[in-house]
Amino acid sequence: MAAAPQGDRQREGHHLYDGKVPIVAVGLNNLREHGPTGPEFYRFGRNRPQPLLEAIGNPRRDATASRELEEGRVQQEESGRRGGGRRRTTLAPLMNE
């Protein structure tokens, strides 16, 4: 049996999972014990339980987007100090979801 696709690896170090559905499992005892926001959700392909939003999210992509936004902000500030210049945006592919 072949391994399931893990998303399309990006040069920034994260994967794009567009068009894929995460499979998440939870036991009722754990859900009762920790509640719906606790770290009891297991996403297939990950090795530890997580809160639901982390289990269904893509934290590496989110970190990359945050880093690129910060880099853009710093570049804009630097160009503003030098008297102008155009801001280069690299987030367009990440925002088309």
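Note that the structure is a prediction, hence the values are computed from the model and not measured. (Residues numbered from 1 in each chain as written. Predicted model: local features only at pLDDT ≥ 70, side-chain atom pairs only at ≥ 80, totals over all residues. Heavy atoms only, no water.)

## So, the side chain of Arg 43
With respect to the secondary-structure elements, Arg 43 resides in strand β4 (residues 42-43). At 3.0 Å, the side chain of Arg 43 forms a polar contact with the backbone oxygen of Ala 55. (Helix = DSSP H or I, 4+ residues; strand = E, 2+ residues; numbered from the N terminus. Polar contact = N/O pair within 3.5 Å; in protein donor to acceptor, adjacent residues only side chain to side chain.)

## A closer look at the pattern of salt bridges
The tally for this structure, following the rule as stated, stands at two salt bridges. Linking Arg 73 and Glu 70 is a salt bridge whose minimum nitrogen-to-oxygen distance equals 2.3 Å. Note that Arg 73 and Glu 70 are positioned in helix α3 (residues 59-81) at a spacing of three residues, about one turn of the helix. We classify Glu 70 as partly exposed; its relative accessible area is 36%. In this structure, Arg 73 engages Glu 77 in a salt bridge whose closest nitrogen and oxygen atoms are separated by 2.4 Å. Of this pair, Arg 73 and Glu 77 both sit in helix α3, four residues apart, roughly one helical turn. You can call Arg 73 partly exposed: its relative accessible area is 35%. Residues joined in a network through salt bridges with shared partners are Glu 70, Arg 73 and Glu 77. (Salt bridge = Lys/Arg side-chain N within 4 Å of Asp/Glu carboxyl O. Buried < 20%, exposed > 50% of the residue type's maximum accessible area, 1.4 Å probe, protein only.)

## Some remarks on the confidence of the model for the protein
Of all residues in the protein, 63% attain a pLDDT of 70 or more, and the chain-wide mean is 75. For the stretch residues 1-5, pLDDT sits under 50, and the model shows one contact to residues farther than four places along the chain or on other chains. (pLDDT = per-residue confidence, 0-100. Contact = heavy atoms within 4.5 Å.)

## Some points on the environment of Ile 56
By secondary structure assignment, the location of Ile 56 is in helix α2 (residues 52-56). Judged by relative accessible area, which is 44%, Ile 56 ranks as partly exposed. A C-alpha to C-alpha distance of 6.1 Å links Ile 56 and Pro 22, two positions 34 residues apart in sequence. The contact partners of Ile 56, leaving out residues within four places of it in the chain, are Pro 22, Val 24 and Arg 43.

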